[in-house]
Structures are given as structure tokens and as C-alpha cells.
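Next come the chains, spelled out residue by residue.
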Amino acid sequence: MAELPHAWLLRWLKVNPEPQLPEGTVRVFHAAPAYLTYLRMLLGLKQVGVVMGATIGWVYFSRLFPWFLELPYARPVIYTVEALAWLSFLVLLPVSFFVVRLDYLLRWYVLTDRSLRIREGVMSLREKTMTFANIQQISIQQNPIQRMLGIADVKVETAGGGKGSGASDPDSAQVEHLHEARFRGVSNAEAIRDTLLERVRMHRDTGLGEPTELVTDPAPLKGHSSTLDAASELLSEVRQLRGALTRTRPRGAPAPEAGLKTGD
């Protein structure tokens, strides 16, 4: 990746723009350019919500508590606080869009022979590594805005995932559990899912999909064959002994089996 125009900021934040790729790297994915548009749209909607909330709150406050405005120095204090709030909003607005762009540029989705690694975040750098042997479910998620932009998220879940613990999702204000990982904002979601499934099937102990190979060991079969031969010889000897007893039995004497039953 070429040097970012804000590389100085990354050096100041001690953030490496390119993660150290593990050995055996198969493929590296990045979020689609439309994902940056998606993040900007979400941020814009949030900012509009903040402005509308502040305006409506001020109107209702002035109507519900008109007496407060008649207090000495009330109006100058309120106007000062309002001016500071608007100034902070105007200063933080471009900073927010700048951070969103960095968040988009620093997303890495790495596949190796044995695991996947996802790196994301700027102010709070997060990395997740999942082995294919533990992957339990792979799904594609897409909301209406993503469908309009032609992108989607690939969600990967591992065994042991629960709803009790998780980390805040900075993009959608949801909770991403520790046993979940997401390829966010990719334009080739189906290809990524198929690649993951192919890697998972190579580890037949995961329980996802049918085993690709079935290895049979002929040694146990040989052991069973020897046991059957020994049992057959024992049965033959028992039959010979039974025939000998039948030939030497006096006339009218009960059969050996009948004598055994009577004795029981």
C-alpha cells in the first residue's frame, strides 16, 4: 500500500498502516470504495440527528421553563453555552469525517492456510484471529443502504460464542461478540464466503460440511478376521464333542441338553 497522506498522524498515534502479514498468507481483502461512502452516510445521519435533537430540545426547554429565562444572567449563560456547543460541533465535524476515512483505509482482511485475521480501527486498534478449525457458521448480511451501494458484510462465528460478552461495534452501534468477526463493506461477499467455506472444509474436524476424505485402517479388520476364525474353530470343536456324547449315550438316557436344563 502506498504511503497515506496522513502518515504523520499514524506515526504519532503509533499505528502501523500495514500489519505484519503472517506466514502462509493466501489472500488479502480490503473494504470496497463504496464502504467509505456508506460510513460517511451513517456519520451524516448521526450529525443531522444531533442537530435536530439539540434544536427540538431548546424549543421545548424554552416553552416548558419560560420562568428560567427571566432569571438574572440566564440568557447570557444559555447563549454562551449554545455558542460553545455549536463551535465544538463545527470543529469536530471535519475531524469525524477524517477519522472515518482513516478507519476505511486501515481495514485489513487476511486469509492464511489455517486462520483468518481481521484488523480494524484507528484510535482503538483491534485485531481478531480465528482458526478455520473453530469456525461454525458463515453468513452474509446486507441492509437496505448496503444493497443500494452494492456492498455487504460477511459474518463469521466460531464455537463457544455467547451473548454475555462482546465489544462495541463502532460502525453500527451494535455489539460484536468476541466469537464473531466481520468482513465489513466488501463488494465480493459471495466470493469471500466461498473461499472461507473451502478452507473450512479442509479441516474436517470442524463439523461444518461433510468430510472430504474418509480414511479406513485395514488393521482392525484383520483383527476381527482372526477373532472370527477362532470362534469358528471353537464352534466346530463343540459340535464334535456333542456328536461324541450322543453316540456314547445309553438308550433311554436323557439328552445332555435336557439334563443340563433339569439340573438348572
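Residues numbered from 1 in each chain as written. Predicted model: local features only at pLDDT ≥ 70, side-chain atom pairs only at ≥ 80, totals over all residues. Heavy atoms only, no water.

Draft legend 1. Expanded view of the overall build of the protein chain. Along the protein chain, the regular secondary structure elements total 8 helices and 9 strands. The 264 residues of the protein chain split such that 27% are buried. Excluding contacts between residues fewer than 6 apart, the proportion of contacts in the protein chain whose partners are at least 24 apart in sequence is 61%. For the protein chain, the exposed area adds up to about 17,900 Å²; of that, 60% sits on carbon and sulfur atoms. (Helix = DSSP H or I, 4+ residues; strand = E, 2+ residues; numbered from the N terminus. Buried < 20%, exposed > 50% of the residue type's maximum accessible area, 1.4 Å probe, protein only. Contact = heavy atoms within 4.5 Å. Areas by Shrake-Rupley, 256 points an atom, 1.4 Å probe, with all protein chains shown as cover.)

Draft legend 2. Summary view of the pairing of strand S2 (residues 108-112). Most of S2 is tucked away, with 5 of its 5 residues classed as buried. Burial along S2 is two-sided: Trp-108, Val-110 and Thr-112 facing one way and Tyr-109 and Leu-111 facing the other are all buried. Pairing analysis gives 4 bridges linking S2 to strand S3 (residues 115-120), with the strands arranged antiparallel. Bridge pairing in S3 places Tyr-109 opposite Ile-118. Connecting S2 to the next strand, S3, in antiparallel fashion are 2 residues. (Pairing = 2+ DSSP bridges.)

Draft legend 3. Expanded view of the environment of Arg-182. Of note, Arg-182 is situated in strand S9 (residues 180-186). Taking relative accessible area as the criterion, Arg-182 reaches 8% and is therefore assigned buried. Put simply, Arg-182 and Val-154 are 28 residues apart on the chain and 5.4 Å apart in space, counted from C-alpha to C-alpha. A polar contact of 2.7 Å, which involves the side chain of Arg-182, links it to the side chain of Gln-141. (Polar contact = N/O pair within 3.5 Å; in protein donor to acceptor, adjacent residues only side chain to side chain.)

Draft legend 4. Structural detail: the packing of aromatic side chains. Throughout the structure, instances matching the rule amount to 5 aromatic pairs. Seen from their ring centres, Tyr-35 and Tyr-38 are 6.0 Å apart, and the 25 degrees between their planes marks the pair as stacked. Of this pair, Tyr-35 and Tyr-38 both sit in helix H2 (residues 33-64), 3 residues apart, roughly one helical turn. A single burial state applies to Tyr-35 and to Tyr-38, both of which are buried. A ring pair is formed by Phe-65 and Trp-67, whose centres lie 6.2 Å apart and whose planes are at 85 degrees; its orientation type is edge-to-face. The exposure class of Phe-65 is partly exposed, given its relative accessible area of 35%. Each member of the aromatic cluster is reached from another via a ring pair, and the members are Phe-29, Tyr-109 and Phe-183. (Phe/Tyr/Trp six-rings, centres within 6.5 Å; stacked < 30°, edge-to-face > 60°.)

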